[in-house]
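Chain by chain, the residues:
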4 protein chains.
Amino acid sequence: MLDETAAGVFTIAVTPFLPNGDLDLQSVDRMVDFYVEKGATGLTVLGMMGEAGKLTATEALTIVKRVTARTSVPVVVGVSAAGFAALGSLAKDSMEASAAGVMVAPPSTLKTDDQIIGYYHGVAETLGDIPFVLQDFPLVTNVVMSPKVILRVVEDCPTCVMLKHEDWPGLEKISTLRAASDNGARRISILCGNGGLYLLEEMLRGADGAMTGFAYPEMMAQVIQAHGAGDVARARDLFDAYLPLVRYEAQPGMGLALRKYTLAKRGAIGHPTIRKPGGSLSAATIEEVDALISRQTSKLQALGIS
Amino acid sequence: MLDETAAGVFTIAVTPFLPNGDLDLQSVDRMVDFYVEKGATGLTVLGMMGEAGKLTATEALTIVKRVTARTSVPVVVGVSAAGFAALGSLAKDSMEASAAGVMVAPPSTLKTDDQIIGYYHGVAETLGDIPFVLQDFPLVTNVVMSPKVILRVVEDCPTCVMLKHEDWPGLEKISTLRAASDNGARRISILCGNGGLYLLEEMLRGADGAMTGFAYPEMMAQVIQAHGAGDVARARDLFDAYLPLVRYEAQPGMGLALRKYTLAKRGAIGHPTIRKPGGSLSAATIEEVDALISRQTSKLQALGIS
Amino acid sequence: MLDETAAGVFTIAVTPFLPNGDLDLQSVDRMVDFYVEKGATGLTVLGMMGEAGKLTATEALTIVKRVTARTSVPVVVGVSAAGFAALGSLAKDSMEASAAGVMVAPPSTLKTDDQIIGYYHGVAETLGDIPFVLQDFPLVTNVVMSPKVILRVVEDCPTCVMLKHEDWPGLEKISTLRAASDNGARRISILCGNGGLYLLEEMLRGADGAMTGFAYPEMMAQVIQAHGAGDVARARDLFDAYLPLVRYEAQPGMGLALRKYTLAKRGAIGHPTIRKPGGSLSAATIEEVDALISRQTSKLQALGIS
Amino acid sequence: MLDETAAGVFTIAVTPFLPNGDLDLQSVDRMVDFYVEKGATGLTVLGMMGEAGKLTATEALTIVKRVTARTSVPVVVGVSAAGFAALGSLAKDSMEASAAGVMVAPPSTLKTDDQIIGYYHGVAETLGDIPFVLQDFPLVTNVVMSPKVILRVVEDCPTCVMLKHEDWPGLEKISTLRAASDNGARRISILCGNGGLYLLEEMLRGADGAMTGFAYPEMMAQVIQAHGAGDVARARDLFDAYLPLVRYEAQPGMGLALRKYTLAKRGAIGHPTIRKPGGSLSAATIEEVDALISRQTSKLQALGIS
């Protein structure tokens, strides 16, 4: 069961498809092995990057079961839905399928502080004793949660054990939340998103790790390790080597196609297929990403990483 | 099968729940009978007002089957979804369950003309020969479709047979679309929403009827009939008698609770229950709506309608 | 000086232009006389309906001076701006030109409760002892203020003397704010917008009047008077007579053109001109509004109002 | 006069203030000298980063005059406004004050292709023969312009001579626009924003330079120069040295404060003051940016740049 001590790299997993759009379950196995081998301490499935909205209910549960069957690291399942019935149903089924917890993003109709808090009260009531991750991603959800709101959810809902932090800018938010837990608020896990673009600063502010889908999970693992070892200079060297690609992958809307392309190129999944509606990469884009990967490899070799 | 000649009143059906939140299938039967008795020439289920997002996939199909089993009027099923897989799957199941067609709203991520047109190309390809309704409701979807875009979808997709018109303001759009079909564009059915707030003007501009959920379907039926008989003065008298309540029900976010309250009061459903997350009515609101209904009854009696 | 006792009808004034787009100052005089004659107890200039954003700074001040020179009713000036420098500058100039107070809408970038409260702290500090109206119009600003936020601004800023209430739905908000002042919160004036579409219910909930631009200010004056006299039935009769046109004018984006057309038809301004960018009315629209006005006149005569 | 051949680095200038919030005109001079010395081939004033909305009309013109008096490089003036009157007035005054052209962003109310095109027709008509820059920045304006729309504005409006490209992702857009001009469309200048985060890829796709406010204009100048000399490897080395800071400055909402801090630290302006409403930097943020600058300096020295 997921709890407040979760740390490290929870990779946001893609959902692999065959070229005809069917689920590619063999690639699911390969991908899970790949993520764990590259340093993932947990996995998150059916998130926005997992094309959750494009799956049928049956397919969604198939993915959960396949992933949990393949690995012993904790698996978080994205269960965001328009209503609590569907949310609760997928959450229950996922926990029965050995998931460690679930993740819930706020619907874009929420505006005021009280509306957001009220929504998460309903989520917690629906979930019962299932631990959940509060997903804070305003760029996509259009819901802005102040630190005060997050702290209130943490106070009111003991089953909220983690913040998926993806506000932008969001560094001050981490500092504020950590100052609050230093002053007596319950301390929950904070794992950061944004493709890793601010990972080192996030760790320096008090985050516990990353929950994001950058196609090189080892970047996050290495930076977190160096930071944990107190070697900030090494952490910067590592981070900077990957940064040109991190930045490139951060292009919204294109990120998923770029990740699937890179994961396929790395052998982690069989095909870069995205379900419709969804884009594909132009030749110029592929050329650009290949150039960035090639240069990244050289820089890593210079740092003694092959 | 739904086609371009559809006209009259397609009532947007609510989804009845028991006080504990379970589906209330007996009320589904009663509600269907009520709608048809009050003049509905068709029904639309699983729309936004049908709390579609709060149902599990299994429940959604249960509703479709129950409704189509109860009536012989055409049933349109809302199948909007984040991806084409879920959309296509519900559409196929619905048609097998004797639905007449499906309705698709655009996802709020669509911005440019080409994005909208491209999306509906994908919808039409996914649906094959299933007829579909293009739902144009910018207040909720944030997607604004110019007449040019709608005409392009109509031209490119022969299975697009109806526009659910709910732009606001939207009267000029009807005139533009009708001028286009007068000049050779394929003429599709236009049924109007917005709770009926502009129904008479919509008919005068060339609409074929209403697709909306105002709790008195007979208002739409009576106004359309009077308009069809060329008696605009009578149509205005009827419309004006209902207008104070139409206006009150048009309050966004509250409309569903108001409709379920009124339908329950009229005996069309057993309970006004809304699934979570969802609001309830205050005592002051109930007093206001009761006063409006009472006054409406008096006005209708003065018009010879009991 | 505007204070918490303000009540009645504060008409949102249009800004009259000549056909060539220049300010039409003679029409300003005529319009002011018209509004006051029809029952306005105050005027609001340079609001959204006043095309404030289309005026140069010099023109804006010209309008303020012309209006205050013409009438002795209190004049509120819309001073919303991206920064406090421009806001404060126009406010100061307006007060020197005998305005009674200013009105400030929140910029659409504000999201959380604390951001909104912080913004109004800055507004109050900038304005010094100038009384201001808090404008709450989420349909246009995209800023949703909970009653809690409004009460906090009222508590923190003694110069906030009025709420221009235009949330939709917004009736519960009035009840909540009035319950708060019954329980000790400072009671400010609440004048309602939304074109008058919910005026009677708003008065019944505790509003002090209307601040809106419906082209028949006498509707608001008559309804408020009947309500004040305890004759709710008469208030409903009056309201219902105007409702078809109120509803028609409420079409967003078109409202201003409709109002200027009607005001010109009534002789209150010389020309219906709107500055660019802005729309004009089609022949079909003009026919519709004329039909509504004609029918409204008949209904009012039946009520003994000529 | 600005024309289609404009290229290089047009720095988006900040507006310097004294600690009390007054204009700091001596810093304007120093800043202009600094920008040009660091490689700016043009300047853009009163853009979003220039806090244009926080200036009074008089102050805005004061800035324009001070900047044009100080330098001979072309000066572009941001004149975006809610109406064409204010837009045209500032544009005319700016040209009389020796500006080279103006820049216009679309108002956020524009949605459909035709609405955007119609708006720019009005802009061009208002501006007469004044050359203008089309600003494409959907993250802030919420207006998404397809390449088709941009090409239509270019075709219809001969005075549109430049695109300030700031879509995100936007690389394919550059390729599409350049393919169009290769096929006969009028070729306009494309200068890119986004803080320089994708500068090298933008140049490789056919851009003519940068129009952005990153506090090290020499980064853009050096990368563009290396690219122009055909030395892509050198361009990458330079870009990567600055990238950690570019990324940090790209945090929306904080960018301006970070830039002013850095510019003040570099001696380009006297004070990092931002006008209200606006944020300030925390101690932790200052520590982070100082660490990034220090490391950047070391990397540049390793590349032979001091």
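See the structure above.
Residues numbered from 1 in each chain as written. Chains lettered and ligands numbered in written order. Predicted model: local features only at pLDDT ≥ 70, side-chain atom pairs only at ≥ 80, totals over all residues. Heavy atoms only, no water.

Asker: In this structure, what is going on with the environment of Gly128(D)? I would like to understand it.
Answerer: By secondary structure assignment, the location of Gly128(D) is in the loop between helix H4 (113-127) and strand S5 (132-136). A relative accessible area of 40% places Gly128(D) in the partly exposed class. (Helix = DSSP H or I, 4+ residues; strand = E, 2+ residues; numbered from the N terminus. Buried < 20%, exposed > 50% of the residue type's maximum accessible area, 1.4 Å probe, protein only.)

Asker: Whenever I open this one, the sheet that holds strand S2 (residues 42-45) of chain A confuses me. Can you help?
Answerer: Sheet strands pair by backbone hydrogen bonding; their relative direction is either parallel or antiparallel. Residue and element names in this part refer to chain A. As summarised here, the arrangement of the eight strands in space is S1-S2-S3-S4-S5-S6-S7-S8, forming a closed barrel in which the pairing is parallel. Each neighbouring strand pair of the sheet contributes to a mean axis angle of 25 degrees, computed without reference to strand direction. Strand contacts of helix H2 (residues 57-70): S2 and strand S3 (75-78), with the helix running at about 170 degrees to S2, the strand carrying the most contacts. Those strands touched by helix H9 (residues 217-228) are strand S1 (8-12) and strand S8 (209-212), and its axis lies near 165 degrees from that of S1. (Pairing = 2+ DSSP bridges. Axes fitted to C-alpha atoms, helices over the stretch in contact; angles between N-to-C directions. Contact = heavy atoms within 4.5 Å.)

Asker: Sorry if this is basic, but what is going on with the side chain of Arg236(D) here?
Answerer: Take Arg236(D): it is sitting in helix H10 (residues 232-249). Notably, Arg236(D) is buried but unbridged: the nearest opposite-charge side chain belongs to Glu201(D), and the N-O separation is 4.5 Å. Excluding residues that lie within four positions of it along the chain, Arg236(D) makes contacts with Ala291(A), Leu292(A), Arg295(A) and Leu200(D). (Lys, Arg positive; Asp, Glu negative; His and termini not counted. Salt bridge = Lys/Arg side-chain N within 4 Å of Asp/Glu carboxyl O.)

Asker: I would appreciate a short explanation of helix H1 (residues 25-37) of chain C in the present structure.
Answerer: Residues spaced three or four apart along an α-helix point in a common direction, a consequence of the helix completing one turn every 3.6 residues. Residues and elements named next belong to chain C. Helix length check: H1 (13 residues) gives 19 Å between terminal C-alpha atoms against 18 Å at 1.5 Å per residue, within 8%. Buried within H1 are the following residues: Ser27, Val28, Asp29, Met31, Val32, Phe34 and Tyr35. Tucked inside the fold, the buried residues of H1 contact strand S1 (8-12), strand S2 (42-45), helix H2 (57-70), helix H9 (217-228) and helix H11 (255-265). (Expected span 1.5 Å × (residues − 1).)

Asker: What's the story with the interface of chain D and chain A in this structure? I'm lost.
Answerer: How big an interface is tends to be expressed through the accessible area that disappears when the partners come together. Counting residues at the interface gives 31 residues for chain D and 31 residues for chain A. Contact between chain D and chain A buries roughly 2,700 Å² in total, counting both sides, with carbon and sulfur atoms accounting for 57%. When residues of chain D are sorted by the area they lose upon contact with chain A, Trp168(D), Arg247(D) and Arg295(D) head the list and together hold 23% of the total. One can count ten salt bridges joining chain D with chain A. Applying the counting criterion to the chain D and chain A interface returns 22 residue pairs in polar contact (both at pLDDT 80 or more). Where the side of chain D that touches chain A is concerned, the elements lending two or more residues are helix H7 (171-182), helix H8 (199-205), H10 and helix H12 (283-302) of chain D. In terms of residues, the side of chain D that touches chain A owes the most to one element, H10(D), which gives nine residues. Taken together, the residues of the side of chain D that touches chain A break down into 17 nonpolar, four polar and ten charged. (Buried area = accessible area lost by both parts, 1.4 Å probe. Polar contact = N/O pair within 3.5 Å; in protein donor to acceptor, adjacent residues only side chain to side chain. Nonpolar A, V, L, I, M, F, W, Y, C, P; charged D, E, K, R; others polar.)

Asker: Is there a simple way to explain the relation of the copies chain C and chain A in this structure?
Answerer: Think of it as a corkscrew move, a rotation about one axis and a shift along it, taking one chain copy to the other. Rotating chain C by 180 degrees and moving it 0.0 Å along the rotation axis overlays it on chain A with an RMSD of 0.0 Å. On the angle and the small slide along the axis, the relation comes out as a two-fold axis. The residues that chain C uses at the interface reappear at the interface of chain A in 100% of cases, marking a shared surface. (Least-squares fit on C-alpha atoms with pLDDT ≥ 70 in both.)

Asker: Explain the packing of aromatic side chains here, please?
Answerer: To describe a pair of aromatic rings, one takes the distance between the centres and the angle between the planes. Per the counting criterion, the structure on display carries 30 aromatic pairs over all chains. Ring centres of Tyr120(A) and Phe132(A) lie 6.2 Å apart, and the angle between their planes is 5 degrees; on these two criteria the pair is classed as stacked. You can see Tyr120(A) sitting in helix H4 (residues 113-127) and its partner Phe132(A) sitting in strand S5 (residues 132-136), a full twelve residues away along the chain. In this structure Tyr120(A) comes out as buried when scored by relative accessible area, which is 0%. On the basis of an interplanar angle of 90 degrees and a centroid distance of 6.2 Å, the ring pair of Phe214(D) and Tyr242(D) is categorised as edge-to-face. Placement of Phe214(D) in the loop between strand S8 (209-212) and helix H9 (217-228) and of Tyr242(D) in helix H10 is noted, with a sequence separation of 28 residues between them. For the pair Phe214(D) and Tyr242(D), a shared accessibility class is recorded, and that class is buried. Members of the aromatic cluster, each reached through a chain of ring pairs, are Phe84(A), Tyr119(A), Tyr120(A) and Phe132(A). (Phe/Tyr/Trp six-rings, centres within 6.5 Å; stacked < 30°, edge-to-face > 60°.)

Asker: Can you help me understand the pairing of strand S7 (residues 189-192) of chain A in this one?
Answerer: Regular strands have side chains that alternate between both faces of the sheet. Residue and element names in this part refer to chain A. By the alternation rule, side chains of S7 split into Ser189 and Leu191 and Ile190 and Cys192, which are all buried. Relative to S7, strand S6 (residues 160-165) runs parallel, the two sharing four bridges. In the strand pairing of S7, Leu163 is matched with Ile190. Sheet topology note: the S7/S8 ladder contains two bridges and is parallel. If you follow Cys192 over to S8, its bridge partner there is Ala210. In this view, the connection linking S7 to its parallel neighbour S8 by way of helix H8 (residues 199-205) has right-handed handedness. (Right-handed = clockwise from strand over helix to strand, strands pointing away.)

Asker: Explain the relation of the copies chain D and chain A here, please?
Answerer: Laying chain D over chain A is done by rotating through 180 degrees and shifting 0.0 Å along the axis; what remains is an RMSD of 0.0 Å. When the interface residues of chain D are mapped onto chain A, 100% of them are again interface residues, pointing to one common binding face.

Asker: What is the right way to look at the interface of chain C and chain A in this model?
Answerer: Chain C puts eight residues into the contact, and the matching count from chain A is eight residues. Roughly 800 Å² is buried in total at the junction of chain C and chain A, and carbon and sulfur atoms are behind 52% of that figure. Among the residues of chain C in contact with chain A, Lys111(C), Thr112(C) and Val144(C) are the three that bury the most area, contributing 47% of the side total. The interface formed by chain C and chain A holds two salt bridges in total. Across the pair Asp114(C) and Lys148(A) runs a salt bridge whose closest N-O atoms are separated by 2.9 Å. Where chain C packs against chain A, one counts three residue pairs in polar contact (both at pLDDT 80 or more). For the side of chain C that touches chain A, the class distribution of residues is two nonpolar, two polar and four charged.

Asker: I keep staring at the pattern of salt bridges and nothing clicks. Help me out?
Answerer: Oppositely charged side chains can form a pair if their charged atoms are brought close together. On inspection of all chains with the given rule, the structure shows 100 salt bridges over all chains. We note a salt bridge from Arg186(B) to Glu4(B), for which the minimum N-O separation is 2.6 Å. On the criterion of sequence distance, the pair formed by Arg186(B) in the loop between helix H7 (171-182) and strand S7 (189-192) and Glu4(B) in the segment before strand S1 (8-12) is long-range, its members being 182 residues apart. The partly exposed category is assigned to Arg186(B), whose relative accessible area is 30%. Classification of Glu4(B) by relative accessible area gives partly exposed; the value is 25%. In the salt-bridge network here, residues are joined through shared partners; they are Asp29(A), Asp33(A), Arg66(A) and Arg70(A).

Asker: Would you explain the side chain of Gln222(D) in this entry?
Answerer: Residues and elements named next belong to chain D. With respect to the secondary-structure elements, Gln222 resides in helix H9. According to the relative accessible area criterion, Gln222 is buried, its value standing at 17%. Setting aside chain neighbours within four positions, we find Gln222 in contact with Leu238, Tyr242 and Ile305.

Asker: Looking at this structure, how should I read the pairing of strand S6 (residues 160-165) of chain D?
Answerer: Residue and element names in this part refer to chain D. Of all six residues in S6, six are buried, a share of seventy percent or more. In the sheet, S5 pairs with S6 via five bridges, with the strands oriented parallel. Paired with Leu134 across the two strands is Leu163, which belongs to S6.

Asker: Please explain empty space enclosed by the protein as it appears in this structure.
Answerer: Over the atoms, a rolled probe matching the size of one water molecule traces out where space is still vacant. Following the criterion strictly, the structure yields 19 cavities of 30 Å³ or more and no others. Lining the largest cavity, in full, are Leu110(A), Lys111(A), Asn142(A), Val143(A), Val144(A), Leu110(C), Lys111(C), Asn142(C), Val143(C) and Val144(C). The residue makeup of the lining of the largest cavity, split by class, is six nonpolar, two polar and two charged. (1 Å grid on protein atoms, 1.4 Å probe; cavity = no way out; pocket = protein on both sides within 12 Å on 5 of 7 lines; lining within 4 Å. Points joined across faces, edges and corners; volume = space filled by probe spheres on them.)

Asker: I'm lost on helix H1 (residues 25-37) of chain A in this one. Help?
Answerer: Buried residues belonging to H1(A) abut S1, S2, H2, H9 and helix H11 (255-265) of chain A. Gly39(A) sits one or two positions beyond H1(A) and adopts a positive phi of about 115 degrees.

Asker: For this particular structure, what's the right way to read the packing of helix H1 (residues 25-37) of chain B against helix H2 (residues 57-70) of chain B?
Answerer: A pair of packed helices is captured by two measures, namely the crossing angle of their axes and the spacing between those axes. Residue and element names in this part refer to chain B. It is the contact of H1 with H2, at a shortest axis distance of 9 Å, that shows an interaxial angle of 45 degrees. Classified by the angle their axes make, H1 and H2 are oblique. Like other packed secondary-structure pairs, H1 and H2 cross with a definite hand, here right-handed. Contacts from Leu25, Gln26, Val28, Asp29, Val32 and Asp33 in H1 reach Thr62, Ile63, Arg66, Val67 and Arg70 in H2. (Parallel < 35°, antiparallel > 145°, perpendicular 65-115°, else oblique. Left-handed = near helix turned anticlockwise from the far one by under 90°.)

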